[in-house]
Amino acid sequence: MTNQPKALVAGNWKMNGLTAAITEIDSLNHKIANHPNMACELMICPPATILATAVLRAENLEIGAQDCHAALGGAHTGDVSTEMLTDLGVTAVILGHSERRADHGETSAQVAEKVVAAQRAGLVSIICVGETEAERKSGQALGVVSEQIAGSIPLDGTHADNIVVAYEPVWAIGTGLVPSVADVAEMHAHIRDLLKGMFENDGDKMRILYGGSVKGSNAAELMNVDNVNGALVGGASLKADDFFAIVEAAYL
Ligand code: PGA
């Protein structure tokens, strides 16, 4: 694991969390302060309604958004631009999550436009890719992810500091199922090769997160796999104790 980028453990709260949930961020602040030598960075991506409060309350952890619009501004009712996010102090945005690809029909081309917008505003893009259960069973997982990577990540303007890739097999999200260590290793090595093909040396420095049913009890094993540079965590990120258990298992 030498030469690998510093790990990132990011929590995706999805459509969960009222104002009272900010106390989980207070609790994370305490835990981080007690562990100054953590071998990872932490991020929480709360819903848009509490982003501003989260930015004000977070200490030593980044706050990210869960989506954005590609345009600078204009007639897009209900949408949020990347400039609005940086204006709040948000530093990253999750893009192309499988729930957005499924619920909103987001294509890789649309994801790529959002990545360009994120780069324009100075946000880090956490770009999600991953196959469905049917695609894995029919042996298409590597091919599907290759297409998503090629389609979702623009060649221009992308470098190791402004994108993170998250491999999230759709069938592992929120199900308690996780792929075997061998399958995670194979996919992450594949993604590393794709990134090196697209970005040469920078591709070696890009973080590749694993996501899908990560929790304290499986984090050490998953985070130890070559080319796994952290986690994108859904359900287990909602409570500070559960989220920090992942850090304790893998990065303390
Ligand atoms: P999960 O979600 O940890 O609840 O499986 C992961 C994600 O969707 O990012």
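Whatever comes next refers back to the structure up there.
Predicted model only: the values in this text are computed from it and were never measured. (Residues numbered from 1 in each chain as written. Predicted model: local features only at pLDDT ≥ 70, side-chain atom pairs only at ≥ 80, totals over all residues. Heavy atoms only, no water.)

**So, the site of the ligand**
Taken together, 13 residues form the shell around the ligand, and within it Lys14, His97, Glu168, Gly174 and Ser213 come nearest. Interatomic distance of 2.7 Å between a side-chain N/O atom of Lys14 and an oxygen atom of the ligand. At 2.6 Å, a backbone N or O of Gly174 approaches an oxygen atom of the ligand. About the coverage of the ligand: the protein hides 95% of its 280 Å² of free accessible area. Tallied by class, the residues present in the shell around the ligand amount to four nonpolar, seven polar and two charged. (Near = heavy atom within 4 Å. Polar contact = N/O pair within 3.5 Å; in protein donor to acceptor, adjacent residues only side chain to side chain. Areas by Shrake-Rupley, 256 points an atom, 1.4 Å probe, with all protein chains shown as cover. Nonpolar A, V, L, I, M, F, W, Y, C, P; charged D, E, K, R; others polar.)

**Concerning unusual backbone geometry**
Unusually for a residue other than glycine, Asn60 sits at a positive phi of about 60°. Relative to the helices and strands, Asn60 resides in the loop between helix H2 (51-57) and strand S3 (62-65). Asn60 gets classed as exposed once you look at its relative accessible area, which sits at 62%. Positive phi, normally seen in glycine, also occurs at Ser213, with a value near 60°. Note that Ser213 resides in the loop between strand S7 (207-211) and helix H10 (216-223). (Helix = DSSP H or I, 4+ residues; strand = E, 2+ residues; numbered from the N terminus. Buried < 20%, exposed > 50% of the residue type's maximum accessible area, 1.4 Å probe, protein only.)

**Some words on the packing of helix H7 (residues 141-152) against helix H8 (residues 181-199)**
Two elements in contact, H7 and H8, have axes whose closest approach is 10 Å; the angle formed by their N-to-C orientations is 35°. Of the two elements, H7 crosses H8, and the hand of that crossing is right-handed. Residues Ala141, Leu142, Val145, Ser146, Ile149 and Ala150 of H7 form the contact with H8, whose participating residues are Glu186, Met187, His190, Ile191, Leu194, Leu195 and Met198. Tallied by class, the residues present in the contact of H7 with H8 amount to 10 nonpolar, two polar and one charged. (Axes fitted to C-alpha atoms, helices over the stretch in contact; angles between N-to-C directions. Left-handed = near helix turned anticlockwise from the far one by under 90°. Contact = heavy atoms within 4.5 Å.)

**Considerations on the environment of Val214**
Of note, Val214 is situated in the loop between S7 and H10. Placed 99 residues apart in sequence, Val214 and Val115 show a C-alpha to C-alpha distance of 25 Å. In contact with Val214, not counting residues within four places along its chain, are Ala219, Leu222, Ala231, Val233, Ala236 and Ile246.

**Remarks on the pairing of strand S4 (residues 92-95)**
Here S4 shows no split at all, with Ala92 and Ile94 on one side and Val93 and Leu95 on the other all buried. Bridge analysis of S3 against S4 gives two bridges, and the strand direction is parallel. Its bridge partner lying in S4, Gly64 is registered against Ala92. Once the chain exits S3 it traverses helix H3 (residues 82-88) before rejoining the sheet at S4, and the crossover so formed is right-handed. With four bridges joining them, S4 and strand S5 (residues 124-129) adopt parallel strand pairing. Its bridge partner being in S5, Leu95 is matched across the sheet by Ile127. (Pairing = 2+ DSSP bridges. Right-handed = clockwise from strand over helix to strand, strands pointing away.)

**Structural notes on the pattern of salt bridges**
Scanning all chains against the criterion turns up 15 salt bridges. Among the salt bridges present, the one from Arg57 reaches Asp26, with a minimum N-O distance of 2.8 Å. Highlighted residues: Arg57 in helix H2 and Asp26 in helix H1 (residues 22-33), separated in sequence by 31 residues. Take Arg57: its relative accessible area is 35%, and that puts it in the partly exposed class. Salt-bridge contacts for Asp67 lead to Arg100; the nearest nitrogen and oxygen are separated by 3.3 Å. A residue pair is termed long-range when its members are at least 10 positions apart, and Asp67 in the loop between S3 and H3 and Arg100 in helix H4 (residues 98-103) qualify at 33 residues. Owing to a relative accessible area of 22%, Arg100 belongs among the partly exposed residues under this scheme. (Salt bridge = Lys/Arg side-chain N within 4 Å of Asp/Glu carboxyl O.)

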